[in-house]
Each structure stands twice: as C-alpha cells, then as structure tokens.
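Results of the structural survey
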Amino acid sequence: MPRELTQTEGNGLALAADIVSGEYSLPAERCLEIFRLMVRARTMEERMIKMSKSGEGYFWIGGPGEEAFNVPLGLQVKKGRGPDYDFLHLHYRNSGTLIAMGMPVLDGIRQMAMTWTDPHSRGRNFVGHYSVPEWNVLPVCSVIGVNWVKAPGTAHVQKRHGGDGITIVVGGDAGTAEGDFNSCMVWSTRPGHELPVLMIVMNNGYGISTPAYTQHSELHIIDRGKPFGIPGEVVDGNDPIASWHAIDRAMRYVRSERRPYMIEALVSRLYGHSSSSGAMRVRDERDCLAEFEHKLIEAGVLDEEAAARIHKAAQDECEKALEQALKEPKPTAADVRRFTYASSDYDVVYPDDYTGLPNGD
Amino acid sequence: MATLVQAVRLALHYGETYLGVTDIFGEDVGPPLGGVFTATQGLKTAWNTPLDERGILGMAMGIAYAGGRPVCEIQFCDYAFNTIDLMKIAGNQRWASGGNYEMPIVLMTPSGSGIRGSLYHSHSFESWASRLAGWKIVMPSNALDAYGLMLSAIADPNPVMVLLPKALLRVRGEQKIPGEPEDEEELKRMIDAPVGDRTGWQPRWPPVQEYFVPLGKAALVRTGHHATVVSYGRTLPLCVKAADELRDSDGLEFDVIDLRSIFPYDWHAISQSIMKTGRILIVNEDTEVTNFGEHLLRRVIDHHYYDLLVRPRVLLGQHIPGIGLNQEYEKNSVPQLPSIREAMKALATEEA
Ligand SMILES: Cc1ncc(C[n+]2csc(CCOP(=O)(O)OP(=O)(O)O)c2C)c(N)n1
C-alpha cells in the first residue's frame, strides 16, 4: 500500500516487510531512515559543490557516491566522548557519517562558508575536515595516510581502559600504498597487545587521476591483512543493506575480540576527485542513492512523491542553512593566532595562547 | 650528582608517579634495555615499540586524543626526519580544530654531535624543530635543567620536544636534583640497571621532588659587561669554559645565556643583555643555513640595530652534508672550544 504509507512518510512502517538485498535484509523503517540521511548528505554535498562554483566557498571535496556505506557507519557508531566510546579517524569523504551521527547540515555548510561559527575548524580547514570532540571525531587531516598511524594510539588507550569502545579509521584505496597503512597493521597486532581497530578502506578505484589497477597488483586490499591475522571482507559499498551488515559484523568482532578487522568498501566517486578536477557529475559509475530510492519504491515502502518530498525537504534545509551561514561572523585578523596553545602554568612566555614573537620591553 | 641522563630518568619517574604520565615508549625504551642511552630504565610505564618512528609519533598523538599523557622517544633525532609531517600535524591540532583538541605529548630525542656518531648519529634538530609552530622546544645543558624542563614538558598541555644533547648525557650536574641522594654511587646503585642479567631487577627511586624550569625562561650562567654569548645544549658548557678562560687570561667578562627553551625563547634575557653589552654572539652546532641562530640574529638586528657597538655574529655548524667519523671532520665542522673562545674574544675586543 505505497500510497497510504507515504502519507506518514515512514511513520508506522514497522509493519512493512523487511527490505531484502541478496542474502541480507533490513527493516523497512531502518531503510527509510538510511535513505533520508543519504538524501540529506548528498544534497548538502551538492549544495557545497555549487558554493565552490559560485564563490561562496573555495575548494570542495566530499563523499557523493559513498553515502550507502557512510550513513550505516554513522548510525552504528557508539557515539560519545572518551575511551568508552568509538574514536573516529575519518577520511575527507565522510559527510554521510557525520550527518547520520546527527551533525546539523548547517555545521557542514559553515565550514564550506569559512565562518567563525564553523565548529570544526573556525573557517580554517577545507570542507569535510570535521572535528567533533563530543563524539570523538578527531580532526580530519588532508595528509593521506596519517590516520593509519594515529588510530593505534586511541585504540591503545581503549584496550587498556576496558569497555567496548573501538577505534574506526578510514582511508582511500590509493592511500594504502603509504607505509602508514602497514604501520597500522603492525601496531594493532603486536603479540599480546592487539588493538580494537576497525580499518575501513573506501575503494573508489582512483587516487585523483590514477586508476588503482595501474599501481596495485593485490587482488583485494584486505588481503594485505592476512599475514597479520586481520580478518576482513569486501563489501559492495553502493548497497546500504550489505554495508550495514558488514559494519555490524566488523563492529561486533572488534568490540568483543579487541582485535583489528578490515573492511574494503567498493564505492563510487560521483563528482570526481574534488573541485580541482571540476566536480562534474560522473555518469558511468553506480549511484547508490538512485539505486536505493528505486529499490525502496520497488519494495513499496516509498513512492515517487514521497521521495520527491524528501529531496525537497533536504534542499530547503540546505538553502536555509546557507542563508544562515552567510549571515554569520567571519574570522578576523585578530583571530589568526587563536587556539595555537592551550594555556599553561609552566610557560612564562605564552601562558594563555600564542601572542606573536616575544617582545623584549 | 646525577648525570643528565639520570636526571631525565628521575624526571620520567616523577612524571609517571605524580604528573599523570601514562606511557613512555619508543624503540628499546622498555625492559630489558631501558633506552639506548638508559633514559628509561626501570620506569613502570615504559614499553618497547616496533621499529617505526612514524608509528611512534602516531601512537603518541592517539594516546593524547584519548586522554592519556604520553612521552615518546625517537632513538636519535637523526631518525626523526621521516616523522616531520606528523610533527607538523601534532603541532596544529589545536589550531586546526579551533580549540577542539589539545595535544599534550612529549617527544624526547638525543640531538647533536660529540659522541663520534658520524653521519647518522650526529645531526642537530633544533632548527628544524623551531619551524614547527604549535610546539614548544627545549634543550637542557645540565642535569638539573634536564629534570626541571622535563617536568614542565610533561605538565604543559601542548606538544613539547625535549632535545637531549648527546654529548652531555653522561655529564654530572653541579647542582643536586631535589631529593637526590648525597652519594652519586648510591644513586647509581638505586636507579642504574645492572650490566648483564636484569631479570628481577627493580629500581629504588629516591624521593625526588617537584622542580619546574619554566618554558621560555633562559638562565644567565655567567655575568659580565664586555659581551653577550647566547647558546644552549652541547655548546653551552663550552661557552662557559671559554668565558672563564677569557676572564682569567684577558680580563674579559661575558654574559653567558643558556637559552634552555628554543621556543618559546626568552627574548627579554637576550634583549636586556644586549642593552648592557652592545655585543652579541650566538653559538650552536646546527648547520648554518636557515639556522635558528639566524632567526635570533634577525631579531637582534630588528630591535637593537642602534644599540650594537660591533657587528652581531653567529658561530654555527658548517653547511655540509654530514659529520664525518674521523675526528678531523667533526672538529672542523661544528664549533669546539678553541673556535668559540676565539669568536668570543674577537667579539669582546673589536673596536667599537
Ligand atoms: C601524503 C599526501 N600525498 C599526496 C596528497 C595529495 N592527494 C590528495 S587526495 C590524493 C589521492 C587519494 O586517493 P585515495 O587514498 O584513494 O582517496 P580518495 O581521494 O580516492 O578518497 C592525493 C594524492 C595528500 N593529500 N597527502
């Protein structure tokens, strides 16, 4: 009864059947939740791409084409602050994860608009470079590879602390050629000191312009975990249902075994690498959002009107957020040095924060 | 009196006992060795890592994010070069996140020449380090300062790099560390691991006390009105010796400033001394092109051009690819006592 169901836009859909994908399924209600979040993440990214072209922002990089994996990831994170909760060393394409965790679209737009109110970086960093201390989202860093060496550190504290908090680290396929990827495997499997690290490689088949198959001979990236005894699986990252279950399995393993696990998610890159390569819509790769929408309509839990309403609501949300962000204060010359140093009782030159080079008067 | 390296060990013991240090780690840092220079023998939180400097710095950052207080060691600063991007990131985490995250890590590493270390055990690091905004960089020249700077490095909630002058690690201090036993042999018996089998060995820690050397505070170790010498690390005791010799031989008296903190640096101490003497020499052993001493010289010229009686100068290591093993190479490429004394005398006696 699609018509009836759409009137409530998902409310009461608990009665609907599970949505099946291959050997896996998820309740319809969950699927609709994922779908709405995917739409919001995609719409936010597309609005940001426009900002990069209109001059309301500069560089754009992000995750259109990864939502089917990143949203289920965000929904399953044990969200909170400190070692009892999951730590996230994210890639710059993880906006779907942040939206699923509850980040307001406005906060993403603020970073793109470089406002002082940007809670992630105060207008300092590129878009998608999140940092949310309340949720253990560590500052996203453009430097490829370094996530892999920082992750064992948070996991080391979690292992010692006890509980079931894990460290989630995400990187692209090309970046696994950095030695840091190897470091992560060595450091998380030291005999007797194995660490709860969930290693996630988002394999979109490219590093900027270089196809993976021209540089890598390994069949699967997860195969590189085998000599370290790191179990892993390749998942269709365009399928949110398959992704949900792969993440669920991986998290269960890492939370309980306190050892690393690797997921390689095969995903698309729907606007190329970044605004530097034009951020033009790619037509020859799978679009997880369109596929999932189609699937939900086929299954009868959504119809085209309802889907259109969801898209429209997301667009309105983004327009409102942009309007708001553009009204907000920008950083000023007086803010350049702020937040360099934490205040210290042991420093006689910069007890509060950096104030420029010391003066002798 | 404790040696400089014993002082570091005592400070780390104090740190893990009273200042919340959770992890002390690096290559060969844990038992049985306790560090190639013995800086970490007997410490309860010391552990061995894989031979992976990037992994070491990444581990430190991760521990700090998660609320721990790590002290990591890079075995020789010569092997820190492949971590420089991670150092940059550690230094920018607070700034990059608009204050969302702090990075309370301590990185200690032996630096400089003087142990016949040839090409890959003689590098200096302070000029590289001084370019890492967001960090604080210190370099003690004696045991007591090593103790006090290490405690401040641990207590400060920012990334702090402690550069340990390799050549001075075994040099005994002239001042006692608070709580150190009177008898240095007794200290050795208490905290130095025995040579040979160490299974079952436990240190007996003396009741060392809190003693902070503030970051950014220089020490005026000799006073004199003829000229100013600024140095730190290995070359500092050489400047002091040269000053004493020139006082006795030529009646020349120097302000000798031990900078101790490379960043932040005690500009006030330098500035005040220049106002008194009008003559300044900066001595360190790092290579001379884009040397931290050149930065100080720039400040001197900017602020004191009209206060100077003679040209300000530097005495630095030569800009060559390495320090050679035959001592002729080392002697003739990094400042030694004779060249320091000569430069100081020339500075103090040049006609204004
Ligand atoms: C250490 C480092 N080298 C080079 C770059 C420039 N760069 C930015 S993204 C990128 C490609 C990364 O590819 P991949 O790891 O597959 O991630 P993707 O962008 O495809 O998600 C490169 C080379 C960088 N940011 N960091």
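Each value, and the rule that gives it
- Residues numbered from 1 in each chain as written.
- Chains lettered and ligands numbered in written order.
- Predicted model: local features only at pLDDT ≥ 70, side-chain atom pairs only at ≥ 80, totals over all residues.
- Heavy atoms only, no water.
- Near = heavy atom within 4 Å.
- Polar contact = N/O pair within 3.5 Å; in protein donor to acceptor, adjacent residues only side chain to side chain.
- Areas by Shrake-Rupley, 256 points an atom, 1.4 Å probe, with all protein chains shown as cover.
- Axes fitted to C-alpha atoms, helices over the stretch in contact; angles between N-to-C directions.
- Helix = DSSP H or I, 4+ residues; strand = E, 2+ residues; numbered from the N terminus.
- Parallel < 35°, antiparallel > 145°, perpendicular 65-115°, else oblique.
- Left-handed = near helix turned anticlockwise from the far one by under 90°.
- Contact = heavy atoms within 4.5 Å.
- pLDDT = per-residue confidence, 0-100.
- Pairing = 2+ DSSP bridges.
- Expected span 1.5 Å × (residues − 1).
- Buried < 20%, exposed > 50% of the residue type's maximum accessible area, 1.4 Å probe, protein only.
- Arc of directions from axis to C-beta.
- Salt bridge = Lys/Arg side-chain N within 4 Å of Asp/Glu carboxyl O.
- Patch = residues over 30% accessible without salt bridge, like charges linked within 9 Å, V, L, I, M, F, W, Y side chains within 5 Å.
- Lys, Arg positive; Asp, Glu negative; His and termini not counted.
- Domains from an automatic or database assignment.
- Buried area = accessible area lost by both parts, 1.4 Å probe.
- Nonpolar A, V, L, I, M, F, W, Y, C, P; charged D, E, K, R; others polar.

1. A word on the site of the ligand
All names here are of chain A. Near the ligand lie 16 residues; those nearest to it are His91, Tyr92, Arg93, Ala174 and Gly175. Between the ligand and Tyr92 there is a distance of 2.6 Å, counted from an oxygen atom to a side-chain nitrogen or oxygen. Contact distances for the ligand include 2.8 Å between an oxygen atom and a side-chain N or O atom of Arg93. Here the ligand, which alone exposes 580 Å², has 72% of that area covered by the protein.

2. A closer look at the packing of helix 5 (residues 105-112) of chain A against helix 10 (residues 304-327) of chain A
Residues and elements named next belong to chain A. Look at helix 5 against helix 10: their axes get within 9 Å of each other, and the N-to-C directions meet at 50 degrees. Relative to helix 10, helix 5 is oriented oblique. The handedness of the crossing between helix 5 and helix 10 comes out as right-handed. Contact residues: helix 5 offers Val105, Leu106, Ile109 and Arg110, while helix 10 offers Glu317, Cys318, Ala321, Leu322, Gln324 and Ala325.

3. Regarding the confidence of the model for chain A
The predicted model of chain A averages 95 in pLDDT, with 95% of residues at 70 or higher. Segment residues 1-15 of chain A: pLDDT under 50, and 22 contacts once partners within four positions in sequence are set aside and those in other chains are kept.

4. Comments concerning the sheet that holds strand 8 (residues 232-236) of chain A
The strands making up a sheet are joined through hydrogen bonds of the backbone, oriented either antiparallel or parallel. Residue and element names in this part refer to chain A. The parallel open sheet is built from five strands, whose spatial order is 3-4-5-9-8. Where the open sheet ends on each side, the last strands, each with one partner, are strand 3 (87-89) and strand 8. When strand polarity is set aside, the average angle formed by the axes of neighbouring strands in this sheet is 20 degrees. Where strand 5 (residues 197-203) meets strand 9 (residues 261-266), six bridges bridge the pair, whose relative direction is parallel. Opposite Asn203, over in strand 9, you have Leu266 as the bridge partner. Here helix 3 (residues 67-76) sits on the sheet and contacts strand 4 (167-172), strand 5, strand 8 and strand 9; the angle it forms with strand 5, its principal contact strand, is near 160 degrees. The sheet contacts of helix 8 (residues 240-257) involve strand 4, strand 5, strand 8 and strand 9, and relative to strand 8 the element is tilted by about 160 degrees.

5. Things to note about helix 11 (residues 337-349) of chain B
Residues and elements named next belong to chain B. If you check helix 11, its first and last C-alpha atoms are 18 Å apart, about what 13 residues at 1.5 Å a residue would give, namely 18 Å. What helix 11 keeps buried is the set Leu337, Ile340, Ala343, Met344, Leu347 and Ala348. Angular distribution of buried residues about the axis of helix 11 spans 135 degrees; they occupy a single face of the element. Check the buried side of helix 11 and you find it contacts strand 8 (227-231), helix 7 (235-250), strand 9 (254-258), strand 11 (280-287) and strand 12 (313-317).

6. What to know about the pattern of salt bridges
Where charged atoms from two side chains of opposite charge approach closely, those side chains can pair. Here the structure, examined in full by the defined rule, presents 46 salt bridges over all chains. One salt bridge connects Arg110 of chain A with Glu328 of chain A, and the closest N-O pair in it is separated by 2.7 Å. Linking Arg110 of chain A in helix 5 with Glu328 of chain A in the segment after helix 10, this pair joins segments that are 218 residues apart in sequence. According to the relative accessible area criterion, Glu328 of chain A is buried, its value standing at 9%. Its salt-bridge partner being Arg247 of chain B, residue Asp248 of chain B comes within 3.2 Å of it at the nearest N-O pair.

7. Observations regarding a nonpolar patch on the surface
Residues Ile301, Tyr305 and Tyr306 of chain B make up a contiguous nonpolar surface patch of roughly 410 Å² in combined accessible area. Residue classification places Ile301 of chain B among the partly exposed positions, given a relative accessible area of 35%.

8. Side note on the sheet that holds strand 1 (residues 23-26) of chain B
Residues and elements named next belong to chain B. One open sheet accounts for seven strands, arranged 2-1-3-4-6-5-10; its pairing is mixed. Strand pairing shows two members of the sheet lacking a second neighbour, strand 2 (46-48) and strand 10 (261-263), which therefore form its edges. Across this sheet, the average inter-strand angle for adjacent strands is 20 degrees, counted without regard to direction. Sheet analysis places strand 1 next to strand 2, joined by three bridges and oriented parallel. Bridge pairing in strand 2 places Phe25 opposite Trp47.

9. Looking at the side chain of Arg299 of chain B
The residue Arg299 of chain B is located in helix 9 (residues 292-304) in this model. Summary of buried charges: Arg299 of chain B has no salt-bridge partner, and the nearest side chain of opposite charge, Asp302 of chain B, is 5.6 Å away. Setting aside chain neighbours within four positions, we find Arg299 of chain B in contact with Leu357, Pro358 and Asn359 of chain A together with Tyr265, Trp267 and His304 of chain B.

10. Quick notes on the domain arrangement of chain B
Frequently, the measure chosen for interface size is the accessible area removed from exposure when the parts meet. Residue and element names in this part refer to chain B. Taken domain by domain, chain B holds domain 1 (4-191) and domain 2 (219-349). The C-alpha-based centres of domain 1 and domain 2 are spaced at 26 Å. At the junction of the two partners, domain 1 supplies 28 residues and domain 2 supplies 24 residues. Summed over both sides, the interface of domain 1 with domain 2 buries roughly 2000 Å², with 55% coming from carbon and sulfur. Of all residues in domain 1, the largest losses of buried area upon contact with domain 2 belong to Ser113, Glu126 and Met139, amounting jointly to 23% of the total for that side. At the junction of domain 1 with domain 2, the criterion picks out one salt bridge. Applying the counting criterion to the domain 1 and domain 2 interface returns twelve residue pairs in polar contact (both at pLDDT 80 or more). Elements that contribute at least two residues to the side of domain 1 that touches domain 2 include exactly helix 4 (126-129), strand 5 (136-138) and helix 5 (143-155). Split into classes, the residues belonging to the side of domain 1 that touches domain 2 amount to 13 nonpolar, eleven polar and four charged.

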